[in-house]
Amino acid sequence: MAKENSAFSTIPETPVSEPKAPIASRPVKSAALKRLGEEPEKAEKKRGRQRYVEKDGKCNVQHGNVRETYRYLTDIFTTLVDLKWRFSLLVFILAYAITWLFFGLIWWFIAYCRGDLDHLEDSTWTPCVNNLNGFVSAFLFSIETETTIGYGHRVITDKCPEGIILLLLQAILGSMVNAFMVGCMFVKISQPNKRAETLVFSTHAVISLRDDRLCLMFRVGDLRNSHIVEASIRVKLIKSKQTQEGEFIPLNQTDINVGFETGDDRLFLVSPLIISHEINEHSPFWEVSKDQLAKDDFEIVVILEGMVEATGMTCQARSSYLMDEVLWGHRFMSVLSLEDGFYEVDYNSFHQTFEVPTPSCSAQEMAEATARMDAHLYWSIPSQLDEKAEEGGKERNGNLASTESESKV
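Our subject in this report is the structure included herewith. This is a predicted model, so every value here is computed, not measured. (Residues numbered from 1 in each chain as written. Predicted model: local features only at pLDDT ≥ 70, side-chain atom pairs only at ≥ 80, totals over all residues. Heavy atoms only, no water.)

**Concerning the pattern of salt bridges**
Taken as a whole and judged by the stated rule, the model has 10 salt bridges. The salt bridge involving Arg114 is made with Asp116; its shortest N-O contact spans 3.5 Å. With a relative accessible area of 3%, Asp116 lands in the buried category. Asp255 serves as the salt-bridge partner of Lys236, at 2.6 Å between the closest nitrogen and oxygen. With a gap of 19 residues between them, Lys236 in strand 5 (residues 228–242) and Asp255 in strand 6 (residues 248–256) connect regions that are remote in the sequence. A relative accessible area of 19% places Lys236 in the buried class. Take Asp255: its relative accessible area is 54%, and that puts it in the exposed class. (Salt bridge = Lys/Arg side-chain N within 4 Å of Asp/Glu carboxyl O. Buried < 20%, exposed > 50% of the residue type's maximum accessible area, 1.4 Å probe, protein only. Helix = DSSP H or I, 4+ residues; strand = E, 2+ residues; numbered from the N terminus.)

Shown next as structure tokens:
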């Protein structure tokens, strides 16, 4: 029987809360986009909370009214790679079919202008291409030339200089089409986007105490045995902001520190890790309490980047947490257990949390209360010493007075 390490398999006494299903986002309407400049509370009443980044990492932003569309053609390679698979396959087929048809038409036109089609039965006539008797055969010869198949039935002769020039042009252009289209398909197939599917984030984020400090925490894990090399994580807070000058910024991005100064943002992602953000005076959650968290309107975007060990390509996984997906006073269940010679990860408990005693006040109020207690303790110790000194002085004075009275008697 497997031996479990108590350090990894601690079972809480409080009941485990099952993860809630993510809230379905509603489609954005044009009228809703116009309300981005309104107050968040009013916009929230009119429409459901719209995600900036979906739980699966897709960015919920669409670009409209782009007039300089020629910029997509200047970077045609990236444009073709970014297309959906059905359009990429369509472009792939059309690229070859059009070039075959184009050069097949030219081969037929040369044969027609030279009169090769009128001397099909004349054995003394030397055509440009042997056994080319129509457009279909010219199309087949074009395919054989560009794909270097060369069946041998249709072959160019040395009495056709224009055909030799066309043969060179088709060979060069065909090599370029092959290199371009095969390169596009290879890059599209080898894209590391699907690698991010095996990088998982916890359904909820939690806020609880760690070393007597409020911390915002979430969990990340890698389902594959091949690891992510040089993995790093970043966290952004997406929240509306109004500047002192009155400017309203609907999707303001603020960095959330998850260990940039200490290097804790560089992950060794072998087993699931809990990423912690300490809520201090530099944190955007410094003044947020439990009640205010339920009323607030924000989104936490998590970005995990790293290099795929198998291919050496960089991949990025993203997820997000809305305000109602942040659980106050919860902690993650342990997923590691020590077996015979190895550690086992139980992904059934990956998303599960349990409640722990946590103050409902903000981190600022906790710090102020701690400062008051420290100040009270600082001032109470000298006062107690002074009281003891006064009591000692009174006792000494009393002893001296009694001694004097006795001596007089």
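**Observations concerning the layout of surface pockets**
Considered as a void within the structure, the largest pocket measures approximately 1,100 Å³ in volume. In terms of lining residues, the largest pocket is bounded by 29 residues, among which Asp56, Lys58, Asn193, Lys194 and Glu197 are the most central. Taken together, the elements giving at least two residues each to the lining of the largest pocket come down to helix 4 (76–82), helix 7 (161–189), strand 2 (199–201) and strand 10 (314–322). The residue makeup of the lining of the largest pocket, split by class, is 12 nonpolar, 8 polar and 9 charged. (1 Å grid on protein atoms, 1.4 Å probe; cavity = no way out; pocket = protein on both sides within 12 Å on 5 of 7 lines; lining within 4 Å. Points joined across faces, edges and corners; volume = space filled by probe spheres on them. Nonpolar A, V, L, I, M, F, W, Y, C, P; charged D, E, K, R; others polar.)

**Section: the packing of aromatic side chains**
This structure, assessed with the given rule, holds 9 aromatic pairs. Taken together, a centroid distance of 5.8 Å and an interplanar angle of 80 degrees make the contact between Phe77 and Phe180 edge-to-face. Pair noted here: Phe77 is in helix 4 and Phe180 is in helix 7, with a separation of 103 residues, a long-range link. An angle of 40 degrees between the planes, with centres 5.9 Å apart, marks the rings of Phe218 and Tyr321 as tilted. Of this pair, Phe218 sits in strand 4 (residues 213–222) while Tyr321 sits in strand 10, and the two are 103 residues apart along the sequence. The exposure classification of Phe218 matches that of Tyr321, with both residues buried. (Phe/Tyr/Trp six-rings, centres within 6.5 Å; stacked < 30°, edge-to-face > 60°.)

**Focus: the side chain of His277**
Tracing the backbone through its elements, the reader meets His277 in strand 8 (residues 273–278). We classify His277 as buried; its relative accessible area is 4%. Not counting residues up to four positions away in its chain, the partners in contact with His277 are Leu214, Cys215, Leu216, Ile256, Asn257, Val258, Ser283, Pro284 and Phe285. (Contact = heavy atoms within 4.5 Å.)

**Notes on the pairing of strand 4**
For strand 4, the tally of buried residues reaches 9 of 10 residues, placing the bulk of the element in the interior. Of the strand pairs in this sheet, strand 2 and strand 4 are connected by 3 bridges, and their pairing is antiparallel. Within strand 4, the position partnered with Val200 by the bridge is Gly221. Bridge count for strand 3 (residues 205–210) against strand 4 is 5 bridges, and the pairing is antiparallel. Each residue of the ladder has a partner; that of Leu209, found in strand 4, is Leu214. (Pairing = 2+ DSSP bridges.)

**A closer look at the nonpolar core**
Core analysis: the largest hydrophobic core is formed by 38 residues, its most contacted members being Phe218, Ile233, Phe285, Ile300 and Val326. Of all the secondary-structure elements, those providing two or more residues to this core are strand 2, strand 3, strand 4, strand 5, strand 9 (299–308), strand 10, strand 11 (326–328) and helix 9 (363–408). For this core, the element with the highest residue contribution is strand 5, accounting for 5 residues. Ignoring sequence-local partners within four residues, the contact set of Val326 consists of Ala205, Ile207, Leu216, Leu293, Phe298, Ile300 and Tyr321. If you look at the next biggest cluster of nonpolar residues, it comprises 11 residues, including Trp107, Cys128, Ala138 and Cys160. (Core = buried A, V, L, I, M, F, W, Y, C linked by side-chain atoms within 4.5 Å.)

**Looking at empty space enclosed by the protein**
Any empty space left between the atoms is revealed when a probe the size of a water molecule rolls over them. Scanning the model with the defined rule gives 1 cavity of 30 Å³ or more in all. In this structure, the largest cavity occupies an estimated 60 Å³ of space. Taken together, Leu80, Val81, Leu83, Ser88, Val91, Met181, Cys184, Met185 and Lys188 make up the full set of residues lining the largest cavity. Of all the secondary structure elements, the ones that give two or more residues to the lining of the largest cavity are helix 4, helix 5 (85–114) and helix 7. Among the elements that take part in the lining of the largest cavity, helix 7 stands out by supplying 4 residues, more than any other. Its residues assigned to classes, the lining of the largest cavity comprises 7 nonpolar, 1 polar and 1 charged.

**Some details on the pairing of strand 10**
The side chains of a regular strand alternate, first on one face of the sheet and then on the other. Of the pairings in the sheet, the one linking strand 9 to strand 10 comprises 9 bridges and is antiparallel in character. In the strand pairing of strand 10, Leu304 is matched with Ala317.

**Some words on a nonpolar patch on the surface**
Together, Leu73, Ile76, Phe77, Phe180, Phe186 and Val187 line one region of the surface with nonpolar side chains, adding up to about 530 Å² of accessible area. Looking at the nonpolar patch, the elements with two or more residues in it are helix 4 and helix 7. For the nonpolar patch, the element with the most residues is helix 7, which contributes 3 residues. (Patch = residues over 30% accessible without salt bridge, like charges linked within 9 Å, V, L, I, M, F, W, Y side chains within 5 Å. Areas by Shrake-Rupley, 256 points an atom, 1.4 Å probe, with all protein chains shown as cover.)

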